[in-house]
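# Architecture and fold: a report
Each chain, letter by letter, is given below.
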Amino acid sequence: MAASILRRGFLLARKAALPQFSTAGKRCLLSAAYVDSQKWEAREKEQCHLADLASLMDKTYERKLPVSSLTISRFVDNISSREEIDHAEYYLYKRIPVKCAFFLPCAGWSYLLLFFHPLASITPFRFRHSPNCWYLRDWTIHTWIRQCLKYGAQDKALYTLINKVQYGIFPDNFTFNILMDYFIKKENYKDALSVVFEIMMQEAFEVPSTQLLSLYVLYHSLEKKTDFSWEEERNFGASLLLPGLKQENSVGLSSQLYGYALLGNVELRQGLRAVYHNMPLMWKPGYLNRALQVMEKVASSPEDIKLCREVLDVLDIVLQALTSPADGSSEEQSQEGKDHQGAEDLVEHLDTKETEQSKLPQYLERFKALHSKLQALGKVESESLLTLTTQLVKDKLPTYEAEDIASYEQKLQQWHLERVQLIQREQEQREKARQEHQARTAAKASA
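Below is a short write-up of the structure. It should be emphasised that the depicted structure is a prediction, and the values quoted were computed from it without experimental measurement.

## Some remarks on the packing of helix α5 (residues 69-77) against helix α7 (residues 138-150)
In contact at an axis separation of 9 Å, α5 and α7 are set at 20° when each is read in the N-to-C sense. As judged from the angle between their axes, α5 and α7 are roughly parallel. Two packed elements cross with a definite hand, and for α5 against α7 that hand is left-handed. On α7, the residues that touch Ile72, Ser73, Val76 and Asp77 of α5 are Trp139, Thr140, Thr143, Trp144 and Gln147. Residue classes in the contact of α5 with α7 are distributed as four nonpolar, four polar and one charged.

## Overview of the packing of aromatic side chains
The full count for this structure, using the stated rule, is 13 aromatic pairs. Here Tyr276 and Trp283 contribute two aromatic rings whose centre-to-centre distance is 6.4 Å and whose plane-to-plane angle is 65°, an arrangement assigned as edge-to-face. Relative accessible area serves as the criterion here: at 65%, Trp283 is assigned to the exposed category. Three or more aromatic residues joined by ring pairs form one cluster here, namely Tyr61, Phe75, Tyr90 and Tyr91. Against the face of Tyr287 rests Arg290, its NZ or CZ located 4.4 Å from the ring centre.

## Digging into the packing of helix α16 (residues 287-300) against helix α17 (residues 309-323)
Where α16 contacts α17, the axes come no closer than 12 Å and their chain directions differ by 145°. In the crossing of α16 with α17, the sense of the turn from one axis to the other is left-handed. Judged by residue contacts, Leu288, Ala291, Leu292 and Met295 of α16 engage Leu312, Leu315, Val318, Leu319 and Leu322 from α17. In terms of residue class, the contact of α16 with α17 is built from nine nonpolar, no polar and no charged.

## Quick word on α16
Taking 1.5 Å per residue as the helical rise, α16 with its 14 residues ought to reach 20 Å, and the 20 Å between its terminal C-alpha atoms agrees with that figure. Residues Tyr287, Leu288, Arg290, Ala291, Leu292, Val294, Met295, Val298 and Ala299 constitute the buried set of α16.

What counts and how
Residues numbered from 1 in each chain as written. Predicted model: local features only at pLDDT ≥ 70, side-chain atom pairs only at ≥ 80, totals over all residues. Heavy atoms only, no water. Axes fitted to C-alpha atoms, helices over the stretch in contact; angles between N-to-C directions. Helix = DSSP H or I, 4+ residues; strand = E, 2+ residues; numbered from the N terminus. Parallel < 35°, antiparallel > 145°, perpendicular 65-115°, else oblique. Left-handed = near helix turned anticlockwise from the far one by under 90°. Contact = heavy atoms within 4.5 Å. Nonpolar A, V, L, I, M, F, W, Y, C, P; charged D, E, K, R; others polar. Phe/Tyr/Trp six-rings, centres within 6.5 Å; stacked < 30°, edge-to-face > 60°. Buried < 20%, exposed > 50% of the residue type's maximum accessible area, 1.4 Å probe, protein only. Lys NZ or Arg CZ within 6 Å of the ring centre and 35° of its normal. Expected span 1.5 Å × (residues − 1).

Any link to function would need more than the numbers given here.
In structure tokens, the structure reads:
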């Protein structure tokens, strides 16, 4: 019951801002130059028959050996239809998990093992030990997403991204942006939101363009959201907080406040472990206190930074609901705790709840005082967060795009050099294996 009251409160807070956001209906997208595939299409690639590559990989699987990163790259490079996307997905999933670079078919040797794949840096800490990502090259992941979008298989791109551990799909920020942009253009904010949640899980908010696009998708989704599960509330909270921490402006600080408010609500209702378990978040209690610290930071800042009325209303609703829960809310929370937590988790939930619950009256008083101070200082923004984010994207994205495109062009050159080195290494090892095979054959003949 308390959760449903809180959700209705969120809707009321957002509706209060709706009259201000009429200019935000236009989509702010990446430029044509950013998403243009001409440079990617012009890359040098080996022309191979997929049937031959598939046969080679099948034989490798039968011998219980891992497939070459080059072989997988060649297969993905040569996709030319929607049907072949399905075939490639099969082989991406089927790779044998062995930490090595690649096996090559060689004369005399069934397969030659080459330890040649520095990959620890391409995946986040939490997932970097996923066996299926040990030798998928960065350019293969980028090509896979590009091919999926090219042949109308955006569902496969999203599916393999969500199931990243099984498929080893950990895109870079440029690839994430292209995928987000594709769904935004289609006005498919549900799938765009799924991409944002994956960016959050992979802790990939390093690039400003990704931060802005993610916030744009989040606020578009929140405007239309009519109901929250606590898991969704946590995901929204984390996805707002992490990019918000990297933006020193009204949108960034309002996003921090919004994220802390949602996470604080989950902390008090579901327990602290529900906040940080399998999430890139701190396990230290006090998310509502951190929300109030954001208000204090803005109130004491000499800069022209404001907090949105919309998000202040959300925090007010959270504090009011937690301080004076509706009848029956205790029973509801208790049952949810039993459903989602084990014995140890339940103890932690109760300890955290008792500690933070005792601070709620103090939090509410602090909030009221800070809210009044912000209003007196003229630091409360009446425009909606979607409107402000849309304007920020229009103002800042062109500059960030230019930086991303320049970085992407450098990366294409780097990928080309790495690929040439791999091919050269492959040829050298094949020749070495051939010579060793001839030497053994000659030794047997002379014996």
